[in-house]
Amino acid sequence: MKAMVLCSGGVDSTTCLAMAVEKYGRENVIALSIFYGQKHDREIEASRRVAAYYQVEQLFLDLEKIFQYSDCSLLSHSERDIPRESYAEQLKKTDGSPVSTYVPFRNGLFLSSAASVALSMGCGVIYYGAHSDDAAGNAYPDCSDAFKEAMGRAIFLGSGKQLTLEAPFVSWTKAEVVRRGLELGVPYELTWSCYEGQDRPCGRCGTCIDRAQAFALNGVRDPALKDEKYSEYGRNAGCHQEE
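Quick summary incoming for the structure in this document. Just so we're clear, the structure is a prediction, and the values are computed from it rather than from any experiment. Position numbers for residues start from 1 in each chain and track the written sequence from start to end. The predicted origin of the model limits local features to residues at a pLDDT of at least 70 and limits the giving and counting of side-chain atom pairs to 80 or more, whereas totals for whole chains, interfaces and linings rest on all residues. Computation of side-chain values: all heavy atoms of the structure, hydrogens and water removed.

1. Some thoughts on empty space enclosed by the protein
Here is step 1 of the chain: Only protein atoms enter the 1 Å grid used here, on which a cavity is any set of points holding a 1.4 Å probe that cannot leave and a pocket is any open set flanked by protein within 12 Å on both sides along at least five of seven lines; residues with an atom within 4 Å of a point are listed as lining. Grid points are joined across faces, edges and corners, and a volume is the space filled by probe spheres set on the points. Per the counting criterion, the structure on display carries three cavities of 30 Å³ or more.
Here is step 2 of the chain: The volume enclosed by the largest cavity comes to roughly 680 Å³.
Here is step 3 of the chain: For the largest cavity, the lining is made up of 36 residues, of which Ser8, Asp12, Arg106, Asn107 and Asp134 are closest to its centre.
Here is step 4 of the chain: Numbering of helices and strands starts at the N terminus; helices are DSSP runs of H or I of at least 4 residues and strands are runs of E of at least 2. Mapped by element, the contributors of at least two residues to the lining of the largest cavity are helix H1 (11-24), strand E2 (29-35), helix H2 (42-54), helix H4 (106-120) and helix H8 (206-217).
Here is step 5 of the chain: Class assignment for the residues of the lining of the largest cavity results in 18 nonpolar, 11 polar and seven charged. Residues are grouped as follows: Ala, Val, Leu, Ile, Met, Phe, Trp, Tyr, Cys and Pro are nonpolar; Asp, Glu, Lys and Arg are charged; every other residue, Gly included, is polar.

2. Re the sheet that holds strand E4 (residues 125-127)
Here is step 1 of the chain: For two strands to count as paired, DSSP must find a minimum of two bridges between them. What the five strands build is an open sheet, ordered E3-E2-E1-E4-E5; its pairing is parallel. Each end of this open sheet is capped by a strand with a single partner; those strands are strand E3 (57-62) and strand E5 (164-166). If you compare each strand with its neighbour and ignore which way they point, the axes differ by 25° on average.
Here is step 2 of the chain: Examined bridge by bridge, E4 and E5 share three bridges and lie parallel to one another. Across the sheet, Val125 pairs through a bridge with Thr164, a residue of E5.
Here is step 3 of the chain: Sitting on the sheet, H1 is in contact with strand E1 (3-6), E2 and E4, with an inclination near 170° to E1.
Here is step 4 of the chain: Along the sheet face, H2 touches E2 and E3 and points at about 160° away from the line of E3. Fitted lines through C-alpha atoms serve as axes, helices being fitted only where they are in contact, and the angles separating the N-to-C directions of these axes extend from 0 to 180 degrees. By definition, residues are in contact when any of their heavy atoms lie within 4.5 Å.

3. Observations concerning H2
Here is step 1 of the chain: Between its first and last C-alpha atoms H2 spans 19 Å; for 13 residues at 1.5 Å apiece the expected length is 18 Å, and the two agree.
Here is step 2 of the chain: Burial classes: relative accessible area under 20% of the type maximum marks a residue as buried, over 50% as exposed, and values in between as partly exposed (1.4 Å probe, protein chains only). Every buried residue belonging to H2 is among Arg42, Glu43, Ile44, Ala46, Ser47, Val50, Ala51 and Tyr54, and all of these are buried.
Here is step 3 of the chain: In the core, the buried residues of H2 are packed alongside H1, E2 and E3.
Here is step 4 of the chain: Just beyond H2, the residue with positive phi is Gln55, at close to 55°. An expected span of 1.5 Å times one less than the residue number is assigned to each helix.

4. Comments concerning the packing of aromatic side chains
Here is step 1 of the chain: Note on ring pairs: Phe, Tyr and Trp rings are taken, using the six-membered ring of Trp, and paired if centres are within 6.5 Å. Classes follow the plane angle, with under 30 degrees stacked, over 60 edge-to-face and the rest tilted. Scanning the model with the defined rule gives eight aromatic pairs in all.
Here is step 2 of the chain: Ring geometry for Phe105 versus Phe147: centroids 5.8 Å apart, planes at 85°, classification edge-to-face. In this pair, Phe105 sits in the loop between helix H3 (87-91) and H4 while Phe147 sits in helix H6 (residues 145-158), placing the two residues 42 residues apart along the sequence.
Here is step 3 of the chain: An aromatic cluster of at least three residues, connected via ring pairs, comprises Tyr36, Phe67 and Phe110.
Here is step 4 of the chain: For a ring to carry a charge above it, either NZ of a lysine or CZ of an arginine must fall within 6 Å of the ring centroid while also lying within 35 degrees of the normal to the ring plane. Its end group placed over the ring of Trp192, Arg42 keeps NZ or CZ at 3.8 Å from the ring centre.
Here is step 5 of the chain: The ring of Tyr36 carries Arg106 above its face, with NZ or CZ at 5.0 Å from the centroid.

In structure tokens, the structure reads:
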């Protein structure tokens, strides 16, 4: 069995990659990283570091043109600001719609593209790192269990029953994902989650806040936050990080 892992360079996908390598062996795992027109390339750079660490084959796709009509705040052509508050705070203003950093049907497009590549590369399973915190409140509907089940069935049937979809964290919180990653020795210091493309994480966007909380709930400092300035936001988010 060969496995393909959607690898963004963040916490969740890197933990997925570690699990796949543990199960199938690095020689049977392919990391697929996708550029979609995001405002920076920090996550692609992180995905390269992660793939090199695990010594797995890495492939790249460019899907930027598909999202050229979207005004999602993550995209380089958008003039919208990236919100600097938690997803919970953002959802209070959306009236049930996804948050502004939701790239329209991104995971659906990623998984459909990955299915084609995976079949061509002889893979029998695709992994992606959706988790329940992202799906909560409909912030990212393409991270929900219902979406995973629907896409999994479509991929299985559309591949002639050759390819399955795994989302091992779909019912987990991000803190549970980090806990599993710490058990596996995941090199989180190589990962990047922040929506901003600065030298260091901004500490204020939704994904920075979620990441800080996940590490704090496991009683460890996020390896990406190497000084007091960038660990401060963990306390601002209502959590504590050990010194």
